[in-house]
Amino acid sequence: MKIKTLLVCFFALVLLAQGQTAAQPPASILLKGTVTDESGAMIPGATVILKGPEGEKRFGTNESGAYVVTGITPGKYTVRIESTGFTPVQRSGLTLQALRTLTLDATLKIAVSKQQVTVEGETNTVSTDASSNAGAIILRGADLEALSDDPDDLAADLQALAGPSAGPNGGQIFIDGFSNGTLPPKASIREIRINQNPFSSEYDRLGFGRIEVFTKPGTDRFRGQAFFGISDGVFNSRNPYSNNKPSFQSRNFGGSISGPLNKKSSFSIDLERREVDDNAIINATILDSSLNPLRLSESIVTPQRRMHLTQRIDYQLTPKNTLVGRYTFMQNSTENAGIGDFSMQSRGYNADSSSHTLQLTETAMVSARVVNETRFQFLRSSRDSYGNNSVPTVNVLESFTGGGSQVGRAFNYEDRWEIQNYTSWTVNKHAFRGGVRLRYSSQNDTSPQNFGGTFTFGGGFAPILDANNQPIIGSDGKPQTAQITSLERYRRTLLFQAQGLSAAQIRLLGGGATQFSISGGDPLAGVNQADVGLFLQDDWRVRSNFTLSMGLRYETQSNISDWFDLAPRIGFAWAPGAKGGKQKTVVRGGFGMFYSRVDDNLTLQTNRYNGINQQQYIVQNPDFYPSVPLITALDAQKLPQTVRTLDSNARAPYILQSAIGVERQLPKNTTVAVTFTNSRAEHLLRSQNLTALGVAPASELNANTYQYGTGGILRQSQLITNVNSRMSRNISIFSFYVFNHAKSDTDGAGTFPANPADLRADYGRASLDVRHRFVLGSSFTTKYSFRLSPFIIASSGSPFNITAGRDLNNDSVFTDRPAFGEVGQPGVIVTQFGVFNPNPAPGAVIIPRNYGQSPGSFTINLRLSKSIAFGERSSAQGAPPSGEMRGPGGGGPPEGGHGHSGGGPGGMRMSSGGGHSMFDGGSASGRFSLTFSVSAHNLLNHVNPGSPIGNLTSPLFGQSTSLAGGFGPGGSSVANNRRLEFQVRFSF
């Protein structure tokens, strides 16, 4: 705590000193403009290079193609504007004088392969700008075209590009600056930024792994497209974990249109519909009519229908104020959800969901140096589920799960509000940004989950039976015992019940359910939660080759008692030996404290299972299978309830992350960056059974008290190597390799310790401890303008937990782990992962958490596309000749005025054009175009097994029963191992 206080004081003093420095009289030169293409559409993310007395500086156009450069020293300058896929333009000998504003607009022409373009310098460069870290990735235009059109596959591709550096909560996706967003269709995305400016105090979560998505604004000329894509099982390969090749088809179609409403406003509309007839693969071990084990592999069709509608309006309120409004409607429906792996067809249920999202962004250019942004978002969503909870569920651990789904008639209605106000201003060599974000959520959730009850059968020790199902008596006159599987316990239960034995006799012979649970009462529960975050950031260009970034963030939330979360941030970028000259090497480092909010769903669960609103009972070794007692009968017997609580001392989890790296510009437009990161997380979420620990509240001493706590830890180190190369206009390569080492004692809020009395025993490999990960993306534009875009992902396997399949410590959860054993010891089990004793004696050495190792994976995705342009552009669609740059007297807006490009200036935040494009290629130029593409997912049909079964008492222990998820080849399809998608797109 003392270290944290000292860090906060230090950062506060530095920011105060910088604020005093910033109070000096600023220079008053302002350079601004807009960058468009030949059709008049803005070009976001174009690079503006300013070369003058202070050396070279780089800036970027914002989402509306506008740029603003302030604090310029008087003198002569060369301005160069370039963007991937366009011919750059340049103006030399430009004299910038004090007390003057200069508007410099530019129109870039699409580069064609026959042109001979002389480019000064290299397109892949390193920079000391805070947001120009060489490990960042910027995807736009042809870059996005190279990725998958399927939204699920696109999300998987982006998560793969973000890498495994986002900590235990994974990467965070922002949509137009808003959190809690859903990835829009690719047709409505204009730009994606990944891992940019990782230590900025503007963001609450880790910058490594942050994905920022920006949608397209309207244009000042009518433009549109329509597309249709299809994938059919006839072209795909069979899922190797299915005994047959089930039918499969995915259809994806939609379109978009954008254009002007009047001289001050524009619109865009995107519509996409997906119809996916996928399959759920059941891989289980059941009993046949003769009670013999039977391996079951079955495919069940799971139809899914999804619709996404987005409408956006850009309106220029005044020459200095713009308003962007965006409305999104989403609707999803799924049949036969909840089926797959061990879950049988009877467990299926139907689910429908819809959401309405309204976003408003107002941008005000307060002065030549001050820009203010106000953002507002309202999200209303609903989820409905329909399942059978009148029949009890039978859960035979890691063998099969049958019976009812226990979903019932469930509803969830949620409202989320978010408002942000950010201000950016520049003073001398300081670029400041500060603001506040307020979020509020409200949920009403009706869930009759498990109102029908669940019987659980686990493995354990039991008498050895002969061929007549009678106990074998040993020399000592007692029945001989051995470890039996969960399926064997279930078999004995059915067998001896058919023989008319009593419940007590069945249990003596190794039968009987291990546990029974049931819920009842009021299915309705609700929760409200608010959180607020304030920040101040200063990017200070101390010298032309050294930038220092300092930031401080404050966060707090309701529903926990932790009200004072301060997060200091610091970063630097230094180009040694590059004073005023070209930068070839940049040393970049940083440190930051990043908090995570305690999710409102945890509070919702504590409100639901508080012992009053809903009642939940867990009965060990019940003697009434298959009959289900009434919840009122259990209540009348005054049986102990199971309740959930949130620790009154819960803290917001946080991560202390530091990074240091070297970025180097190499010949042939190549950059390489090597970065070492170290993360230390504290107060991570996990669960405990306080009753088993003996520290439950006095009123609940006889109950199972499950408590969400924040006592978990994580230690992670990574070595990340990024290589970006644009060898020519037609060949570009992006790749990274990550060596990762992570240990923790929790994998999330639902993680229970194997021994509640010894939490240290759970410190071991974290679930995100994937040691090696390699990603390579490339694009090759061949003769006749065919574009090939391979995307390769290879990684070592993730760890998985090995459990005894029994509740050894009577805490009602089956997370207990076996001990190490030796061959020849009674009861030990010899496996490919080691020799284990599932019934450890007191003091025995328990195996570490996540001791098992999953298989690695290797996937190659390949996209082939060809665009055909036809039709001459009309005079209205014409543009100034290539390379034209309009300034005073050159046909541009009056000096000091504002040009209008499509949606107006939009957000005038000055930003750097850092990062590197992943793909590039030739573009068709014409009034109309047709693009044909085919994408192959898992081109080589390589089988990537999923995580093996870790329950020692499962008949499938150590076996993989499904394909790997995450970034594997399955993507949005379960039915296929290799999948081909075909698409045609018409644009005008």
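Keep in mind that what you see is a predicted model, and the values were worked out from it rather than measured. (Residues numbered from 1 in each chain as written. Predicted model: local features only at pLDDT ≥ 70, side-chain atom pairs only at ≥ 80, totals over all residues. Heavy atoms only, no water.)

## Considerations on the overall build of the protein
- Tallying secondary structure elements over the protein gives 8 helices and 49 strands in all.
- Looking at the protein as a whole, 57% of its 988 residues qualify as buried.
- Expressed as a percentage of contacts within the protein between residues at least 6 apart in sequence, the contacts between residues at least 24 apart total 73%. (Helix = DSSP H or I, 4+ residues; strand = E, 2+ residues; numbered from the N terminus. Buried < 20%, exposed > 50% of the residue type's maximum accessible area, 1.4 Å probe, protein only. Contact = heavy atoms within 4.5 Å.)

## Focus on the environment of Glu-335
- Looking at where Glu-335 falls in the secondary structure, it is placed in strand 17 (residues 321–337).
- Residue Glu-335 is classed as partly exposed on the basis of its relative accessible area of 43%.
- It is 6.6 Å that separates the C-alpha atoms of Glu-335 and Ala-351, two residues lying 16 residues apart in sequence.
- In this structure, Glu-335 is in contact with Thr-302, Pro-303, Tyr-349 and Asn-350, ignoring residues within four places of it in sequence.

## Description of the side chain of Arg-80
- For Arg-80, the location among the structural elements is in strand 5 (residues 75–82).
- We classify Arg-80 as buried; its relative accessible area is 6%.
- Side chain to side chain, Arg-80 and Gln-90 meet in a polar contact 3.0 Å long. (Polar contact = N/O pair within 3.5 Å; in protein donor to acceptor, adjacent residues only side chain to side chain.)

## Regarding the sheet that holds strand 32 (residues 614–620)
- Read from one edge to the other, the open sheet built from 5 strands follows the order 21-20-24-27-32, with strand pairing classed as mixed. Two strands close off the open sheet at either side, each with one partner strand: strand 21 (400–403) and strand 32. Averaged over all pairs of adjacent strands, the angle between their axes in this sheet comes to 15°, without regard to strand direction.
- Note: strand 27 (residues 515–521) against strand 32, 7 bridges, orientation antiparallel. (Pairing = 2+ DSSP bridges. Axes fitted to C-alpha atoms, helices over the stretch in contact; angles between N-to-C directions.)

## Side note on the sheet that holds strand 44 (residues 834–837)
- Strands sit in the order 42-44-43 across an open sheet of 3 strands; the sheet is antiparallel. The sheet terminates laterally at strand 42 (819–820) and strand 43 (829–831), the two strands that pair on one side only.
- As paired strands, strand 42 and strand 44 are joined by 2 bridges and run antiparallel to one another. Residue pairing in the sheet places Phe-820 in a bridge with Phe-836 of strand 44.

## Considering unusual backbone geometry
- Residue Pro-626 follows Tyr-625 across a cis peptide bond; omega there is 5°.
- Mapped onto the secondary structure, Pro-626 falls in the loop between strand 32 and helix 7 (631–636).
- With phi around 55°, Asn-428 is a residue other than glycine that occupies positive phi space.
- Here Asn-428 lies in the loop between strand 22 (409–427) and strand 23 (430–446).
- Taking relative accessible area as the criterion, Asn-428 reaches 26% and is therefore assigned partly exposed.

## Regarding the pairing of strand 37 (residues 731–744)
- Bridge count for strand 36 (residues 704–728) against strand 37 is 13 bridges, and the pairing is antiparallel. What sits directly across from Ser-725, in strand 37, is Ile-733.
- As consecutive antiparallel partners, strand 36 and strand 37 are separated by 2 residues.
- As defined by bridge partners, strand 37 adjoins strand 39 (residues 772–781) across 9 bridges and the pair is classed as antiparallel. Looking at strand 39, one finds that Ile-733 is bridged to Ser-778.

## Considerations on the side chain of Glu-272
- Relative to the assigned elements, Glu-272 resides in strand 15 (residues 265–287).
- In this structure Glu-272 is buried but unpaired, with Arg-274 as the nearest side chain of opposite charge at 5.7 Å.
- Within polar-contact distance, the side chain of Glu-272 engages the side chain of Asn-252 at 3.3 Å.
- In contact with Glu-272, other than residues within four places in its own chain, are Asp-149, Pro-151, Pro-185, Phe-227, Asn-252, Phe-253, Gly-254, Arg-306, Met-307 and His-308. (Lys, Arg positive; Asp, Glu negative; His and termini not counted. Salt bridge = Lys/Arg side-chain N within 4 Å of Asp/Glu carboxyl O.)

## Details of the nonpolar core
- If you look at the biggest cluster of nonpolar residues, it comprises 32 residues, and the most contacted ones within it are Ile-282, Met-344, Val-396, Phe-400, Phe-457 and Tyr-490.
- Only strand 15, strand 16 (293–318), strand 20 (393–396), strand 24 (454–457), helix 4 (486–498), strand 27 and strand 32 provide two or more residues apiece to this core.
- For this core, the element with the most residues is strand 15, which contributes 5 residues.
- Setting aside chain neighbours within four positions, we find Val-396 in contact with Phe-457, Ser-486, Leu-487 and Tyr-490.
- Within the second largest apolar cluster, 23 residues are counted, among which are Ile-175, Ile-192, Val-213 and Val-775. (Core = buried A, V, L, I, M, F, W, Y, C linked by side-chain atoms within 4.5 Å.)

## Some points on the pairing of strand 36
- Bridging between strand 33 (residues 642–646) and strand 36 involves 5 bridges; their strand directions are parallel. Residue pairing in the sheet places Arg-644 in a bridge with Tyr-706 of strand 36.
- As paired strands, strand 35 (residues 670–689) and strand 36 are joined by 17 bridges and run antiparallel to one another. Note that in strand 36 the partner of Gln-688 across the bridge is Gln-707.

## What about the packing of aromatic side chains?
- Applying the stated criterion to the full structure yields 30 aromatic pairs.
- Ring centres of Phe-411 and Tyr-413 lie 6.3 Å apart, and the angle between their planes is 15°; this geometry places the pair in the stacked category.
- For Tyr-413, a relative accessible area of 42% gives the class partly exposed.
- Cluster of aromatic residues (ring-pair linked, three or more members): Phe-400, Phe-455, Phe-457, Tyr-490, Phe-516, Phe-624 and Tyr-625.
- When the ring centre of Tyr-203 is taken as reference, the NZ or CZ atom of Arg-210 above it lies at 3.8 Å. (Phe/Tyr/Trp six-rings, centres within 6.5 Å; stacked < 30°, edge-to-face > 60°. Lys NZ or Arg CZ within 6 Å of the ring centre and 35° of its normal.)

## What to know about the environment of Arg-489
- Structurally, Arg-489 is set in helix 4.
- The sequence separation of Arg-489 and Gly-459 amounts to 30 residues, and the corresponding C-alpha distance is 6.5 Å.
- At a separation of 3.3 Å, a polar atom in the side chain of Arg-489 contacts the main-chain carbonyl oxygen of Gly-510.

## What about the pattern of salt bridges?
- Enumeration over the complete set of coordinates arrives at 36 salt bridges.
- In this structure, Glu-202 engages Arg-433 in a salt bridge whose closest nitrogen and oxygen atoms are separated by 3.0 Å. Note that Glu-202 is positioned in the loop between strand 11 (189–194) and strand 12 (211–215) and Arg-433 in strand 23, a separation of 231 residues in sequence. Here Glu-202 and Arg-433 have matching classes, each one buried.
- One salt bridge connects Arg-492 with Glu-488, and the closest N-O pair in it is separated by 2.7 Å. Here the residue Arg-492 and the residue Glu-488 both occupy positions in helix 4, the gap between them amounting to 4 residues, near one helical turn.

## With respect to the confidence of the model for the protein
- Here the protein shows a mean pLDDT of 83. Residues at 70 or above account for 85%.
- Scored below 50 in pLDDT, residues 13–28 shows 28 contacts in the model against residues more than four places distant or in partner chains.
- Note on residues 967–971: pLDDT is under 50 here. Beyond four places in sequence and across chains, it has 15 contacts. (pLDDT = per-residue confidence, 0-100.)

## Observations concerning the environment of Thr-87
- Relative to the helices and strands, Thr-87 is located in the loop between strand 5 and strand 6 (89–96).
- Sequence-wise, Thr-87 and Thr-107 are 20 residues apart; in three dimensions their C-alpha atoms are separated by 9.7 Å.

## A few points about helix 4
- The end-to-end C-alpha distance of helix 4, which contains 13 residues, comes to 19 Å, matching closely the 18 Å that a straight helix rising 1.5 Å per residue would cover.
- Counted residue by residue, helix 4 has 10 buried out of 13 residues, so it is predominantly covered.
- Taken together, the buried positions of helix 4 are occupied by Ser-486, Leu-487, Glu-488, Arg-489, Tyr-490, Arg-491, Arg-492, Thr-493, Leu-495 and Phe-496.
- Where helix 4 ends, the next residue or the one after it, Gly-500, has phi of about 85°, a positive value. (Expected span 1.5 Å × (residues − 1).)

## Looking at a nonpolar patch on the surface
- Side chains of Phe-222, Ile-257, Ile-269, Ile-868, Phe-870, Phe-932, Phe-986 and Phe-988 sit close together on the surface and give an oily, nonpolar patch of about 670 Å² of accessible area.
- Here Ile-269 lies in strand 15. (Patch = residues over 30% accessible without salt bridge, like charges linked within 9 Å, V, L, I, M, F, W, Y side chains within 5 Å. Areas by Shrake-Rupley, 256 points an atom, 1.4 Å probe, with all protein chains shown as cover.)

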